[in-house]
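Topology and contacts: notes
Now for the letters of each chain:
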Amino acid sequence: MIDKLCKKLLSPWILAAVTALLLVAVSFQDHIAPEEGVCFYTAQQWISSDAPLYTSLGDSAQPGIIFVCALFYALFGNNIIAARLISVLFVLLAQWFVYAISCKVYCRIAGLIAMGIFGIMMTWPDITNGFSITPDLFVVTVCSASLYLLIRSCETQSKLSHYIFIVFSGIMLGIVVLFKQTALFSVLGIIAIYYSIYMYKKASILKVFAEVVCILGASTIVIGGGVYFLSLQGTMIHDYMFCSWSSLQYFLPESWYEWTKDCLFTFQRRNIIVMYPCVMLFVVLRKKIVWKQRLAIGLICWFVLELIASILWGLLFEFDLTQLVLVSSLIAGCALAFLLKHLSQYTLCRNTLLLILGIIIIGIPYETIYKEKRHSFLLRKKNHYAFFGRWLDAQTEANEPVLIATPWAPQVYFYSERKPPVRFVRRQYLDVQPLENEFLADLDANPPEHIVLPEEGDIPEWLRPYITEKYKRKLYTSLWIKHNCKIYQKKVSE
C-alpha cells in the first residue's frame, strides 16, 4: 500500500511540478545580480543606441547570452522577474533531458533520482547565484539536448536519422560555445562520451573520426555564423576576440600557489561537495552501474573536464559551478540507483526507499531551499541598485556619461540607462594595466560629470591623479550610508 502510494508520488511530472514551484519561488526577487547587470545592460544599450558589441560595448560575455538578454529586454523592459520566469522553462527542459538520458544510460530509477537532484541543485543560490540569468543556465540546457541527440543517434537504425541527430547535436554544441568560453570543455566531454559509446561497439576508428569531424564542423559553422552576424552589426572581429577571449588572461591568478589556494577554498565551501561521494562511488562501481562500461568512462571524463572548466580562473563565481550540475546529476542518479536496487532486496520496498532518498537529498545540511535565508521568500533584499540608478537618472542628462568604479557598477548602469565614458562596464577591467592608456584617452575625449568610487577599497592608481586634478568630492549623505560610496563631480572650469 505504502509502496504503491510512493510510486504514484515519484512520477517525473510531479518532480517537474515541484521543481517549477521552487524555481518560481526563488525567481521572485528584483535584486539583480552582477552578471545579470552586465548582460542586460549590454543588451539594453545595444537595442537603444545600436552601439556595436565589443567595439563600443566591451565585455567578456559571449554573444549568445547577450542576444537572449536583448530578447528579454525587448519583451519585458527592466522587469527582471519576468525574464527569470521564462528562464524557468529552460531549466525544466534540461531536467526532462536529464531524466531521458539517465533512463537510456541506466534505468528509470536513475532517471528519477538524477531528475530530482538536478532540479533541487538548480534552486541552490550557490549554484545559480539566486537563480539569476547567467550563461551557465542556458549552457546546461543546450548541453543536455546535445547529449540526448547523440545518444539517439547511436540507437537509431536509419542512417539518415543517425546523421540528422549528429548534425543537430553539433549545432547545439556550437550554440553552447556562443554562450560561454569554458563550454569548450563541455564540448570535449560530450565528444568523449560519443567516442566511448562507439569504442564499446568496436566501430571503425575512421568512421568515429569522420562523425566527430561532422559534429565539430556543424559546431564551427554555428560559431562562425554568430561571429559573422556580429560583424554585420559593426563589431570589429579583433575587438570581439580581445574582449571575449584574450582579455580573460588578465583575470588569471598571479601564481600557481594562488590558483591552488583559491580552488581549494572554493570547493571546500560550495555545496557541490555533496556530489563527491556519488562520483567516487560511480568510479569504483562503474563496471556494474552502467550497462556499457566505456560509457561510464566517458561520463567520468566529462566530469573531470567540467571540473577543470570550473576552476580554470581560480577563485570562481558561484554560477561557474552550474556546468558541473548536469554531469554530476547523471552520475549521482546512476550510483544511487545501483545502491537502491541492492538495498531494496533486504529492506523496504524500492519506491519507499526512493521517496526517503528524495527527502534526504532535500534535507541535507547544506544551503538548500529552507536553509538558505538569501532566498526571497525568507528574506527579501531591497533593490538599492534601482534606487541609485533612479538617483543618477535624475541628477544627469540622458546622454551624459558617468564613471562608476564599484563592484555593483553594471546594475546601476542598467537601471540608470547611463553610459560609462569607457567601453568596459565591469570594475575589474579598470585594473587591467594594458588598458590604462585607452581609459585615459576615453576620459579625456568624453569626461564624465560624476565619478562614483567606493568609500573603502582599492582605486585604480592611474585614476587617482586624474580625479585629484579635475574633480571635487560631493557628499550625498543618504547615498553614502546606503551604498558606502563617495561621489565626485567635475570641477567648474575657470
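The sections below set out a description of the structure shown in this document. (Residues numbered from 1 in each chain as written. Predicted model: local features only at pLDDT ≥ 70, side-chain atom pairs only at ≥ 80, totals over all residues. Heavy atoms only, no water.)

A few points about the packing of aromatic side chains
Keep this limit in mind: Side-chain rings of Phe, Tyr and Trp (the six-membered ring for Trp) are treated as a pair once their centres are within 6.5 Å; stacked means planes under 30 degrees apart, edge-to-face means over 60, and tilted covers the remaining angles. Under the DSSP-based scheme used, a helix requires at least four consecutive residues in state H or I and a strand at least two consecutive residues in state E, with every element numbered from the N terminus. Buried, partly exposed and exposed residues are distinguished by accessible area as a fraction of the type maximum, computed with a 1.4 Å probe on protein chains only: under 20%, between the cut-offs, and over 50%, respectively.
Following the criterion strictly, the structure yields 19 aromatic pairs and no others. Ring centres 5.5 Å apart and planes at 35° place the aromatic pair Tyr-41 and Tyr-413 in the tilted group. One end of the pair, Tyr-41, is in helix 3 (residues 34–49); the other, Tyr-413, is in helix 20 (residues 409–416), and 372 residues separate them in sequence. Residues Tyr-41 and Tyr-413 agree in their burial class; the two are buried. An angle of 70° between the planes, with centres 5.2 Å apart, marks the rings of Tyr-54 and Tyr-240 as edge-to-face. Separated by 186 residues along the polypeptide, Tyr-54 in the loop between helix 3 and helix 4 (63–76) and Tyr-240 in helix 12 (residues 237–244) bring together distant segments of the chain. There is no split in this pair, since Tyr-54 and Tyr-240 are both buried. Put simply, the rings of Phe-40, Tyr-73, Phe-414 and Tyr-415 touch in pairs and so form one group of aromatic residues.

What to know about the sheet that holds strand 1 (residues 402–404)
Note the threshold: Should DSSP find at least two bridges between two strands, the strands are taken to pair. Orientation is described by axes fitted as lines to C-alpha atoms, over the contacting stretch for helices, and by angles from 0 to 180 degrees between their N-to-C directions. Should any heavy atoms of two residues lie within 4.5 Å, those residues are considered in contact.
As summarised here, the arrangement of the four strands in space is 1-2-4-3, forming an open sheet in which the pairing is mixed. Across the chains shown, the open sheet's two edge strands, defined by having one partner strand only, are strand 1 and strand 3 (471–474). Taken pair by pair, the neighbouring strands of this sheet meet at an average axis angle of 25°, ignoring direction. With four bridges connecting them, strand 3 and strand 4 (residues 485–490) associate as antiparallel partners. Directly across from Lys-472, in strand 4, lies its bridge partner Gln-489. In this fold helix 22 (residues 463–470) packs onto strand 1, strand 2 (450–454), strand 3 and strand 4, with an angle of close to 85° to the strand it touches most, strand 3.

Here's the deal with the environment of Ile-117
Turning to its location among the elements, Ile-117 is positioned in helix 6 (residues 108–121). C-alpha of Ile-117 to C-alpha of Ser-329: the two residues are 212 residues apart in sequence and 5.9 Å apart in space.

Some words on helix 22
Under the convention used in this document: Each C-beta atom gives one direction from the helix axis, and the arc is the one those directions make.
All buried positions along helix 22 are accounted for by Leu-463, Tyr-466 and Ile-467. Around the axis of helix 22, the buried residues are gathered within 95° of arc, so they sit on the same side. Within helix 22, the exposed residues directed more than 90 degrees away from the buried face are Thr-468 and Glu-469. Packing partners of the buried residues in helix 22 comprise strand 1, helix 21 (436–445), strand 2, strand 3 and strand 4.

Focus: helix 2 (residues 12–27)
Inclusion rule: Each helix should span, by expectation, one fewer than its residue count multiplied by 1.5 Å.
Given a rise of 1.5 Å per residue, 16 residues ought to cover 22 Å, and the 22 Å separating the end C-alpha atoms of helix 2 matches this to within 8%. In this structure, the buried side of helix 2 is in contact with helix 5 (80–105) and helix 6.

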